[in-house]
Every structure is written in structure tokens, then in C-alpha cells.
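Given next are the chains, with one letter for each unit.
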Amino acid sequence: MKVLKWLLALIVLGGIAYGVGSWYYEPDRQIYRLSEMIVDPTKDASSVVIPSQWDLKITNQNLKPVQKYFAKNTVARNRLLADIKARKSTGTIQLTTNGSYWLLFPRYVLRIAVFRPQVKTNHAHSTLYLNNKRYSDLEGSGNSYYADLGYRLPGRYNLMIKSRINGKEVKTNAVVNLWKQETIDMSIKTVSFIVKSVPNGQVYLNDKFVKNLDESGEASFDNYRITKKFELRVKSNYDGKEIWSDKVTNFSRLLKMDQASGDDYDNDNNPDFTKPKKHVIYKDEDGNYVVSPNWVGILSPREAGQTIYQMYKSPDKDQFKNEADYKKFAKLSKQIYHKHKKAKLSIYVTNILPAGDNYSDVSYTAVFKYKKWHKTINLDHALFKQDDDQIVFEKFK
């Protein structure tokens, strides 16, 4: 009888354990846990990752570049999470099974591609630093010197080359997003350029603050050493909130322009950072190289002017976040056009500043004219949000 009770107890306990295991190791739950771990640098994801080549042992430390990349790139992170959830393969990162838990439940992991990149520069007596630690000297001859980075997972790496040029130490930094087998060219070249952006903004090169912009939003960088893996961003502040421009990463364009002559690269000689630009690096009419970062979703003067025109001419509820603001504009429009039906309206956009992703701070003048009568309205800091094709007035700051 006792044996039977023990058997029943073991069966019950085994059933409970199996039920808990079935719940905890259910595929969707495993996939959710590993997807959260691979994009968060504060978590140790080494238990849910295997390498495409067993020459590399996965550790918490060598996974950080992968996690830091996705932590800093929202679009890439969201795409990866969607692919993992849908069990799609990206080639570089694949969802797969490897072994099992308790010999019963398949163990889901991410197989991540392994690369063996190398770094190249064009000066002798050069030393490579990887993520702020001395890594190795570069060896070669002539204008080609190399260092092997060994087996690496993809992701975000900070590289620095220290060279002795004409008896002087020269440092060159680069942020590298490694996603393929490549030779990372960190050849040293000096160029001069001007950054044009928001007034009193802060310029960051490769994630490090380097200079403040003046009140007109400009700063000069003379004889600056850049590489083909250079990143520039501008930080500003709006209403107590920190905001960032898009990254400028195509500095190889500036290197090419420096070798060309008289090529303005379709810039239309317009340094206005609110103007949609084909290129954020261009030559102005004085022959200066200009770097003017884009801001996500900022309005162009034309878009702002057309929106404000409609707000006064024929206001629509959909243009306003608050009904009270809609009623104010509707009342003003009715008063003016009831008195002067043929009044001409002109909108002059005097300034546009970024106010965060898809937000714009607009200052403008609205002028109503009919024969000798006229009315002028000067307003600063009108906050607009651009959402898809809809531009909505939110408030006056």
C-alpha cells in the first residue's frame, strides 16, 4: 500500500513538474525572454546565444556590442523583435533550437553570425584601441597597415587609432556597426568643415561632445581628422527636454568632395537645416564644406506656411489638438472675413526649430490686407506635430 502511495505521489509531482515546465518552456515564452535579453545591454544573454562558428565562445562581455547596437537603433531593434516573434531568419541572427530542457522541451536560442574583421590605416607607428582599451599595433608598409580584430560578433564597436605623424601624436576615433566581413578603413585625413544646425546646440563626434554651436547655430572645425566610419550628431534642448538630430554618417562623401573641384552636390546653396536635403554634407557658394544634420519629422518652411495659412483662412478641427484653440482661430477668421471678404492673407515663417521627433517650433507673421486696411499678427513658438501626412497645431509655448 505504501509503495502505491509513493508511486501516486511521484506521478502527481511529475505531472506538476511537467505542467510547470510546459508553461515556462513553452516556445513563445522562451522566444519572448530571449528577444528581450538580446536588445538590453544590462542583461546577460550568453545563455540564449550560440555562435555560427565554434571558434568563438559566447560570453556576457562579447555580446555587449550586439546589445548596444539594438539599444541605440530603435528601428533595427523593432525589426529584429518582429522577425524573432514571427520566427523569421535575418541571416545574421537566426532563431533556432539547440538541445532541450529536461530532455523534454526544445531549447530555443539565437544563432548569431561571427566575423573576423581587420582594421586598416595609412600611417606607420599606429596603435589600435578597441572599446577604449589598447588592442595591438598595426603592421604593414607604405600606405597600408593592418590589425586583425579576431573573431567578433556583430554590433557596435568604438575604435581608436593613435599614430605618430611628423613627431606628433594623432588620434582618430570611429564608431563601427559591424554586420559583415570587412576591412575597416581608418585612414587618417584632415579636412575643414562647418556644422550648421540649431542655435547653441552641442556637437557630438563619435558619441563624444566636442564643441558648442554659436547663437546662429554654427561652428567651424579646422583641419579635423576624420575617417570613413565617422558619426556626427547635434544635441539640443527644447522646453527642458533633451533632443537629438539624425546621425550624419556619410563622411566618406566629404572625403570625395575634397578630391573634387567645384562640385556642389545638388545642395542648392541653402544651409537651412529645415529644408529637405538630398545630402546633409555639401559645399556652399563660398566653397566651404557644410555639415547640416536632419531632424526627424521637422517641418519645412513651405509645410509650416501652408499649414498656418489654412489655420487662419479656413480652420479645420483636425488641424488642432485642442478644441479651444480651434474655436479661437475660427472666431478670428470669421471676424476678419465677415468684415473683409476679399482680404488677402500672407504668411511669413520667420523661424523653425526642432522640438523633438516629429515636432516643430514655428515662429511666424500673418498679414491680412484689404485695400488700405491691414492686420498683422506676430507669434512665436507655435508647436506643431507631424504624424504621417497630418500636421496638427498643439499649443503656443
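Placed above this text is the structure.
So, a few notes on the structure that sits alongside this text. Everything numeric here is computed off the predicted structure, so don't read it as measured data.

1. Regarding the pattern of salt bridges
Right, on to step 1. Under the counting rule described, the total for this entry stands at 11 salt bridges.
Right, on to step 2. E26 serves as the salt-bridge partner of R29, at 3.9 Å between the closest nitrogen and oxygen.
Right, on to step 3. A residue is classified by how much of its surface remains accessible, and R29, at 32% relative accessible area, is partly exposed.
Right, on to step 4. The exposure class of E26 is partly exposed, given its relative accessible area of 24%.
Right, on to step 5. Taking the shortest distance from any N to any O, the salt bridge between E231 and K247 comes out at 4.0 Å. One end of the pair, E231, is in the loop between β15 (218-226) and β16 (232-238); the other, K247, is in the loop between β17 (241-244) and α5 (252-259), and 16 residues separate them in sequence.

2. Some thoughts on the environment of L159
Right, on to step 1. Tracing the backbone through its elements, the reader meets L159 in strand β9 (residues 155-165).
Right, on to step 2. Sequence separation of L159 and L128 is 31 residues, and the distance between their C-alpha atoms is 7.2 Å.
Right, on to step 3. Each residue touching L159, except ones within four places of it in the same chain, is listed here: V119, L128, Y129, L130, T172, N173, A174, V176, I184 and M186.

3. A word on unusual backbone geometry
Right, on to step 1. In this model, N358 sits at a positive phi of 70°, which is unusual for a non-glycine residue.
Right, on to step 2. Mapped onto the elements, N358 comes out in the loop between β20 (344-354) and β21 (359-370).
Right, on to step 3. Assessed through its relative accessible area of 29%, N358 is described here as partly exposed.
Right, on to step 4. Of note in this structure, K371 is not a glycine but carries a positive phi near 55°.
Right, on to step 5. Inspection of the secondary structure assignment puts K371 in the loop between β21 and β22 (373-387).

4. A closer look at the packing of aromatic side chains
Right, on to step 1. Throughout the structure, instances matching the rule amount to 16 aromatic pairs.
Right, on to step 2. Taking 5.2 Å as the distance between ring centres and 80° as the angle between the ring planes, the aromatic pair formed by Y69 and F70 counts as edge-to-face. With respect to burial, Y69 and F70 carry one shared label: buried.
Right, on to step 3. The interplanar angle of 65° and the centroid separation of 5.0 Å between the aromatic rings of Y69 and W179 together place this pair among those described as edge-to-face. Of this pair, Y69 sits in helix α3 (residues 64-72) while W179 is found in the loop between β10 (168-178) and β11 (183-185), placing the two residues 110 residues apart along the sequence.
Right, on to step 4. Classification of Y69 by relative accessible area gives buried; the value is 14%.
Right, on to step 5. Joined through ring pairs, the aromatic side chains of Y312, F320, Y326, F329, Y337, Y364, F368, F384, F393 and F396 make up one cluster.
Right, on to step 6. One cation-aromatic arrangement involves R233 over W244; the distance from NZ or CZ to the ring centre is 4.2 Å.
Right, on to step 7. Across the ring face of Y359, the terminal group of K241 is positioned such that the distance to the ring centre comes to 5.7 Å.

5. Examining the sheet that holds strand β14 (residues 208-212)
Right, on to step 1. One open sheet holds the 4 strands; their spatial order is β14-β13-β16-β17, and the pairing between them is antiparallel. With partners counted over all chains shown, the strands left at the sheet margins are β14 and β17, one partner each. Averaged over all pairs of adjacent strands, the angle between strand axes in this sheet comes to 30°, irrespective of strand direction.
Right, on to step 2. With 4 bridges joining them, β16 and β17 adopt antiparallel strand pairing. Each bridged residue has a counterpart across the sheet, and for S236 the counterpart in β17 is I243.

6. With respect to empty space enclosed by the protein
Right, on to step 1. Across all of its chains, the model carries 1 cavity of 30 Å³ or more by this definition.
Right, on to step 2. In this structure, the largest cavity spans a volume of roughly 40 Å³.
Right, on to step 3. Together, P117, L130, L149, R152, Y157, L159, V176, L178 and I184 line the largest cavity.
Right, on to step 4. Of all the elements in the fold, those that place two or more residues in the lining of the largest cavity are β9 and β10.
Right, on to step 5. Class assignment for the residues of the lining of the largest cavity results in 8 nonpolar, no polar and 1 charged.

7. Looking at the pairing of β21
Right, on to step 1. Within β21, 9 of the 12 residues are buried, leaving the element largely enclosed by the surrounding structure.
Right, on to step 2. Across 10 bridges, the pairing between β20 and β21 is antiparallel. Each bridged residue has a counterpart across the sheet, and for P354 the counterpart in β21 is S360.
Right, on to step 3. Linking β20 back to β21 in an antiparallel pair, the connection comprises 4 residues, with G356 at a positive phi of about 120°.
Right, on to step 4. Direction of pairing for β21 relative to β22: antiparallel, over a ladder of 11 bridges. For Y370, the partnering residue across the bridge sits in β22 and is W373.
Right, on to step 5. Where β21 folds back on β22, the antiparallel hairpin that results is connected by 2 residues, among which K371 adopts a positive phi of roughly 55°.

8. A closer look at the packing of helix α6 (residues 301-313) against helix α7 (residues 323-339)
Right, on to step 1. With their axes 7 Å apart at the nearest point, α6 and α7 run at an angle of 70° to one another. What the angle tells us is that α6 and α7 run roughly perpendicular. Between α6, through M311, Y312 and K313, and α7, the contact on the second element is made entirely by F329, L332, S333 and Y337.
Right, on to step 2. Here the contact of α6 with α7 is built from residues that sort into 5 nonpolar, 1 polar and 1 charged.

Conventions used here
- Positions within a chain are numbered from 1, following the residues in the order the chain's sequence is written.
- Residues qualify for local features only when their pLDDT is at least 70, as the model is predicted, and side-chain atom pairs are given and counted only at 80 or more; totals for whole chains, interfaces and linings, by contrast, use all residues.
- Side-chain measures here rest on the full set of heavy atoms in the structure, leaving out hydrogens and waters.
- By salt bridge we mean one thing: a side-chain nitrogen of Lys or Arg within 4 Å of a carboxyl oxygen of Asp or Glu.
- In this scheme, a residue with accessible area under 20% of its type's maximum is buried, one over 50% is exposed, and one in between is partly exposed, where area comes from a 1.4 Å probe on protein chains only.
- In this text, helices come from DSSP runs of H or I with a minimum length of four residues, and strands from runs of E with a minimum of two, each type numbered from the N-terminal end.
- Any two residues whose heavy atoms approach within 4.5 Å are treated as being in contact.
- Paired rings are identified among Phe, Tyr and Trp, the last through its six-membered ring, by centres lying within 6.5 Å, and are further divided according to the angle between planes into stacked (under 30 degrees), edge-to-face (over 60) and tilted (the rest).
- Consider the ring centre and the ring normal. A charge sits over the ring if Lys NZ or Arg CZ is within 6 Å of that centre and within 35 degrees of that normal.
- By the convention used here, strands pair only if DSSP detects at least 2 bridges between them.
- Note on method: axes are straight lines fitted to C-alpha atoms, helices fitted across the in-contact stretch only, with angles between N-to-C directions ranging 0 to 180 degrees.
- A 1.4 Å probe that fits into a set of points on a 1 Å grid over the protein atoms alone but cannot get out defines a cavity; an open set with protein on both sides within 12 Å along at least five of seven lines defines a pocket, and lining residues are those with an atom within 4 Å of a point.
- Grid points are joined across faces, edges and corners, and a volume is the space filled by probe spheres set on the points.
- Classes in brief: Ala, Val, Leu, Ile, Met, Phe, Trp, Tyr, Cys and Pro nonpolar; Asp, Glu, Lys and Arg charged; the others, Gly included, polar.
- Note on angle classes: values under 35 degrees are labelled roughly parallel, values over 145 roughly antiparallel, values of 65 to 115 roughly perpendicular, and the remainder oblique.

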